[in-house]
Amino acid sequence: MIDHVSLGVRDLERSTRFYEQVLAAIGHLPLVRGASTVGFGKKYPEFWLNHRPQLLPTADSGTHVCLRAASQEQVQSFYQRALAAGARGDGAPGLRPEYTATYYAAFVRDFDEHLVEVVTYLPSP
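Residues numbered from 1 in each chain as written. Predicted model: local features only at pLDDT ≥ 70, side-chain atom pairs only at ≥ 80, totals over all residues. Heavy atoms only, no water.

A. Structural context of the layout of surface pockets. By volume, the largest pocket amounts to about 410 Å³. For the largest pocket, the lining is made up of 18 residues, of which V5, E46, C66, L67 and R68 are closest to its centre. Of all elements in the fold, only β4 (45-51), β5 (64-68) and β9 (115-121) reach the threshold of two or more residues within the lining of the largest pocket. Counting residues per element, the lining of the largest pocket draws most heavily on β5, at 4 residues. (1 Å grid on protein atoms, 1.4 Å probe; cavity = no way out; pocket = protein on both sides within 12 Å on 5 of 7 lines; lining within 4 Å. Points joined across faces, edges and corners; volume = space filled by probe spheres on them. Helix = DSSP H or I, 4+ residues; strand = E, 2+ residues; numbered from the N terminus.)

This is the structure:
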């Protein structure tokens with residue numbers, strides 16, 4: 001249903017460096033680069049950063065993006081890479097039984113306070 005997602009970022013270069021590091025954990029690479037935008041994906045750009053220098057970041061903006069990982073290890077790698085690159089943890093990797101018994105996810109806040117989640121579904125117990 002959803003073809004792509006875009007996030008506004010204050011510092012496009014800094015955010016591009018950050019997302020290059022963390023999205024590589026789930027196989028996404030920068031595929032399109034423009035003067036004010038960068039598109040990441042596996043086969044086509046599905047996750048976009050758009051330069052918005054006047055953006056006023058706030059943790060309660062409601063922005064939440066969840067990206068699918070292929071494995072528990074990818075979720076863990078994404079989280080560790082994000083923290084190492086300067087993100088703030090907002091939920092360490094682990095099961096989230098309040099969603100489903102197999103929902104394994106991690107949450108981080110990027111430099112613009114966007115809540116970015118990575119999820120995989122483990123085999124049923």
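Picking up after the structure, the text goes on.
B. Structural view of unusual backbone geometry. The phi dihedral of E113 is positive, around 70°, even though this residue is not glycine. By the element assignment, E113 lies in the loop between β8 (103-109) and β9.

C. Representation of helix α2 (residues 72-84). For α2, which comprises 13 residues, the first-to-last C-alpha distance of 18 Å matches the rise-based estimate of 18 Å (1.5 Å per residue) to within 8%. Residues V75, F78, Y79 and A82 constitute the buried set of α2. Down the axis of α2, the sector holding all buried residues measures 95°, keeping them to one side. Among the exposed residues of α2, those pointing more than 90 degrees away from its buried face are E73 and A84. Summarising the contacts, the buried residues of α2 are in contact with α1 (12-23), β6 (88-89), β8 and β9. Phi turns positive, to about 110°, at G86, one or two residues after α2. (Expected span 1.5 Å × (residues − 1). Buried < 20%, exposed > 50% of the residue type's maximum accessible area, 1.4 Å probe, protein only. Arc of directions from axis to C-beta. Contact = heavy atoms within 4.5 Å.)

D. Layout of the pattern of salt bridges. For the structure shown, the criterion picks out 4 salt bridges. A salt bridge links E20 to R33; the nearest nitrogen and oxygen atoms lie 2.3 Å apart. Residue E20 is located in helix α1, and its partner R33 is located in strand β2 (residues 29-33); the two are separated by 13 residues in the primary sequence. Judged by relative accessible area, which is 29%, E20 ranks as partly exposed. Residue classification places R33 among the exposed positions, given a relative accessible area of 53%. The partner of D90 in a salt bridge is R109, and the shortest N-O contact between them spans 2.9 Å. Here the residue D90 occupies a position in the loop between β6 and β7 (94-95), and R109 occupies one in strand β8, the gap between them amounting to 19 residues. Residue classification places D90 among the partly exposed positions, given a relative accessible area of 34%. (Salt bridge = Lys/Arg side-chain N within 4 Å of Asp/Glu carboxyl O.)

This is a description of form; function is not addressed.
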